[in-house]
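# Structure at a glance
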Amino acid sequence: MKKLLLSIMAIVGVMSMNAQIAEVESVTPLLKGVESEMYHPILSSDGSQLLFSEVNFKGLRLYDFNDNVVVKVSTEARAGFDASFSPDGKEIYFVTQTREGVRNLRQVKKYDIASRQTIEMTQQGRVVGRLVATAKGFATTVDGKLVTTDSKATRVRTEGAQLFIAKNGVEKAYTPIEGSAGYIWASLSPDGKKVMFFAAAHGIVITDLNGNILAMPGNYESPVWYGNDHIVAMNATNDGYNYHSSQILLLSVDGSQKQELTKPESMTMNPTASIEAGKIVYSTIDGRLYQMNIKLK
C-alpha cells in the first residue's frame, strides 16, 4: 500500500510539472519582411514598445506596436546589451562602447522617446557595471564607483558571484549560492518583493530582499518575470560553441509547474514578457521575432 501511495504521488508530481498553466491564444511574426537580424528583445512593462538589436548587441532599435513604426535609437556597439525602458516607458537607458587605441570605453546614455534625443548620462569608463533603470533614473557602477540618479530606489544587480540588493539607499552584497562561477540576469519582481537571478551551474534562484533563498525553479536561462508568480525562461542545450536546441518555457515561481510554450527544435530564445499585455516576445536563432499572446488559467 505504501508503494502504491508513493507511485500515485510520483504520477501527480509529473502531471503538475506538465500542467497547462496558460492558454496560448496566438503566435505571430513581427516585422516580417521589414526588418532583419532581430535579436535580444526587451518589452516595456505595458507591452506597447519593444527594443531589439543585432546578434552581437550592436545597435538598438525601438518598435512601437501602436504606431507600427521602427526607430533607430543607436547604431553603436554593445547598445543592446544592457538596454532597458524606464518603468513609465518614456525613456530608454543603454550603454555604448567605443574603441580608443587598445582600450574599450563605455558610457551610459539616455534616449527620450518623445523627443528622440539622446543624452550622455556618465563619463566614459573602462568598466561599466550592469545597468538598472529605476523610477527616477538609473544606477550602475563606472570603474567601480556607484553612479545613480535614484539613490533611494530598491534595485538589484550582480557582479561576479555576488548579488547586490539596494534598499533605502543602502546596498548590501549577498552570496545565496556558494561555489557558483557567477550570477547574471538579476531582476526585481514587479511588486518589488522578490529577486531573481541565474547562478551558473545551478539555474534560476529566487530570494527575498535579504538574500534568503525562496525557491530554485530550475536550470533555465534568460529568466524574466511574468507577473509576480510566474517566470518565462529559455531551456537550451549547447556544446559551448553551438546551440543544439532551444525553447521557451512558462514556470511557476516555486518550480512546481512548467509548460512548454515552444518546442526544443524551434530554436527560440531570449524571451521578454509583459503580463499587463498578456504578451511574450522571443527571437529565433536566425534573427526573427515572434509575439505570443497567452492567458493564465
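Since this is a predicted model, take the numbers as computed values, not measurements.

## Looking at the overall build of the chain
Along the backbone of the chain there are one helix and 26 strands. For the chain, the C-alpha radius of gyration of 20 Å lies close to 19 Å, the compact-globule estimate for 297 residues. Taking the principal axes of its C-alpha atoms as reference, the chain extends roughly 70 × 45 × 35 Å. Per-residue burial for the chain yields a buried fraction of 48% across its 297 residues. Here the analysis covers contacts within the chain between residues at least 6 apart in sequence; of these, 36% occur between residues at least 24 apart. When the accessible surface of the chain is summed, it comes to about 14,800 Å², and 50% of that surface belongs to carbon and sulfur atoms. On the chain, the mean spot of the 31 positive side-chain charges and the mean spot of the 30 negative ones are 3 Å from each other.

## Points about the packing of aromatic side chains
The tally for this structure, following the rule as stated, stands at six aromatic pairs. For the cation-ring pair, Arg-157 lies above Phe-164, with the distance from its terminal atom to the ring centre recorded as 4.2 Å. One Lys or Arg, Lys-279, reaches over the ring of Phe-65 and ends 3.6 Å from the middle of that ring.

## Quick word on the environment of Asp-67
Turning to its location among the elements, Asp-67 is positioned in the loop between strand E4 (60-64) and strand E5 (69-74). Take Asp-67: its relative accessible area is 55%, and that puts it in the exposed class. The sequence separation of Asp-67 and Val-128 amounts to 61 residues, and the corresponding C-alpha distance is 34 Å.

## Some details on the side chain of Ser-53
With respect to the helices and strands, Ser-53 occurs in strand E3 (residues 49-53). With near-sequence residues (within four places) excluded, Ser-53 lies in contact with Glu-37, Met-38, Tyr-39, His-40, Lys-58, Gly-59, Arg-61 and Gly-80.

## A look at the environment of Lys-145
Examined against the element boundaries, Lys-145 turns out to sit in strand E12 (residues 145-148). Along the sequence, Lys-145 and Gly-203 sit 58 residues apart, while their C-alpha atoms lie 29 Å from each other.

## Overview of the pattern of salt bridges
If you walk through the whole model with that rule in mind, you get nine salt bridges. Its salt-bridge partner being Lys-263, residue Glu-260 comes within 3.9 Å of it at the nearest N-O pair. The closest approach of N and O atoms between Arg-288 and Asp-286, which form a salt bridge, is 3.7 Å. Residues participating in the shared-partner salt-bridge network are Arg-157, Glu-159 and Glu-171.

## What about the sheet that holds strand E9 (residues 117-120)?
Hydrogen bonds along the backbone pair up the strands of a sheet, which may run parallel or antiparallel. Pairing within the open sheet is antiparallel, and its four strands lie in the order E6-E7-E8-E9. Strand pairing shows two members of the sheet lacking a second neighbour, strand E6 (84-85) and E9, which therefore form its edges. Pairing of E6 with strand E7 (residues 91-100), which is carried by two bridges, proceeds in the antiparallel orientation. Following the sheet pairing, Phe-85 is matched in E7 by Ile-92.

## Concerning the confidence of the model for the chain
Across the chain, the average pLDDT comes to 92, with 94% of residues at 70 or higher. With pLDDT under 50 throughout, residues 1-17 is counted as low confidence; its partners more than four residues away or in other chains account for seven contacts.

## A short note on the layout of surface pockets
As a volume, the second largest pocket reaches approximately 210 Å³. Val-127, Gly-129, Arg-130, Thr-141, Gly-144, Arg-157, Thr-158, Glu-159, Gly-160, Tyr-183 and Ile-184 are the residues that line the second largest pocket. Of all the secondary structure elements, the ones that give two or more residues to the lining of the second largest pocket are strand E13 (155-159) and strand E16 (183-188). With three residues, E13 is the largest single contributor of residues to the lining of the second largest pocket. A per-class count over the lining of the second largest pocket returns three nonpolar, five polar and three charged.

Here is what the cut-offs are and how they apply
- Residues numbered from 1 in each chain as written.
- Predicted model: local features only at pLDDT ≥ 70, side-chain atom pairs only at ≥ 80, totals over all residues.
- Heavy atoms only, no water.
- Helix = DSSP H or I, 4+ residues; strand = E, 2+ residues; numbered from the N terminus.
- Rg over C-alpha atoms; globule rule 2.2 N^0.38 Å.
- Buried < 20%, exposed > 50% of the residue type's maximum accessible area, 1.4 Å probe, protein only.
- Contact = heavy atoms within 4.5 Å.
- Areas by Shrake-Rupley, 256 points an atom, 1.4 Å probe, with all protein chains shown as cover.
- Lys, Arg positive; Asp, Glu negative; His and termini not counted.
- Charge placed at Lys NZ, Arg CZ, Asp CG, Glu CD.
- Phe/Tyr/Trp six-rings, centres within 6.5 Å; stacked < 30°, edge-to-face > 60°.
- Lys NZ or Arg CZ within 6 Å of the ring centre and 35° of its normal.
- Salt bridge = Lys/Arg side-chain N within 4 Å of Asp/Glu carboxyl O.
- Pairing = 2+ DSSP bridges.
- pLDDT = per-residue confidence, 0-100.
- 1 Å grid on protein atoms, 1.4 Å probe; cavity = no way out; pocket = protein on both sides within 12 Å on 5 of 7 lines; lining within 4 Å.
- Points joined across faces, edges and corners; volume = space filled by probe spheres on them.
- Nonpolar A, V, L, I, M, F, W, Y, C, P; charged D, E, K, R; others polar.

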